[in-house]
Amino acid sequence: MASSVARLVRGVVTPSLMVCRRQVFVSGVRSFQQSAAIQQKKGASPVNALFETLKNEAAQEQEEKQDVPTLAGWSKPEVEDGLVTVRRQSGNSEVIVKFDMNSMSEIEDSSEMDQMEESQDDAAPLPMFYPVFSITVNNASKGDTCFQADCSFDSALEGGEASVSVDQIRLIPVSEINNDDGNAYSVDANNLDPDLYENIVHYLQHLGLTEQFTDYIVKLARQQEHSHYVDFLTDFASFVKSTK
């Protein structure tokens, strides 16, 4: 897994790349009929075959589990199903960052693809997963209004790094902080004046959305997704084992 210190490019934070070991599905995957025929030849029960595969996969992935990363000044992650939340206090403002593990963006590493072409390796490239996250700034002195920004990682890789962009911004009532289906008016950040956009980025950095945080949120998303995947394999194996 590549590791580098995050840096700033024209006010945009760029984190280190986080590579996920699991590969994506590729075309030409076996059909159900082919898979059934293979299992029949092996003489294995489909239930037992799936259970053993899940158990072995869970054991292998368990060996790669990592501790939950931390960052000074930020709270421990709050995890509810696939939603992960971290918080910090900045002056009179509470800064809340959330991401959904079911909405991770996938980016292919162009440098890795070039290496594969040179080696003529037919293996599928490893995907890199990045969190799509929201930032909510709850200013106590403002009372009933919060500032919110939606952020994502740019799919265009430059020099082996992906940049973070602010996609949309809005003001929402405090009562809507935990409402993901709100209808507040949103501004497309792509349409903002460049100076305004850059100053919004600097404002967020002032509140703690620094280079170190961006690197941290990627590591946290990778660790949490992998941890949930291991739990899923274990629970799925238990479910399959109970199948009559």
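Residues numbered from 1 in each chain as written. Predicted model: local features only at pLDDT ≥ 70, side-chain atom pairs only at ≥ 80, totals over all residues. Heavy atoms only, no water.

**Examining the pattern of salt bridges**
Inference 1: Under the counting rule described, the total for this entry stands at 5 salt bridges.
Inference 2: The closest approach of N and O atoms between Asp150 and Arg170, which form a salt bridge, is 2.5 Å. Taken together, the positions of Asp150 in strand E9 (residues 145-153) and Arg170 in strand E10 (residues 164-173) put the pair 20 residues apart, joining distant regions of the chain.
Inference 3: With relative accessibility at 21%, the residue Asp150 sits in the partly exposed group.
Inference 4: Among the residues examined, Arg170 registers a relative accessible area of 12% and is labelled buried.
Inference 5: A salt bridge links Asp215 to Lys219, with the shortest nitrogen-to-oxygen separation between them at 3.3 Å. In this pair, Asp215 and Lys219 are both assigned in helix H5 (residues 211-241), 4 residues apart and thus about one turn of the helix distant.
Inference 6: According to the relative accessible area criterion, Lys219 is partly exposed, its value standing at 33%.
Inference 7: Residues participating in the shared-partner salt-bridge network are Glu78, Arg87 and Glu94. (Salt bridge = Lys/Arg side-chain N within 4 Å of Asp/Glu carboxyl O. Helix = DSSP H or I, 4+ residues; strand = E, 2+ residues; numbered from the N terminus. Buried < 20%, exposed > 50% of the residue type's maximum accessible area, 1.4 Å probe, protein only.)

**Quick look at unusual backbone geometry**
Inference 1: Here Asp81, not a glycine, exhibits a phi torsion of approximately 55°, which is positive.
Inference 2: Within the secondary structure, Asp81 is located in the loop between strand E3 (78-80) and strand E4 (83-90).
Inference 3: Residue Asp81 is classed as exposed on the basis of its relative accessible area, which comes to 65%.

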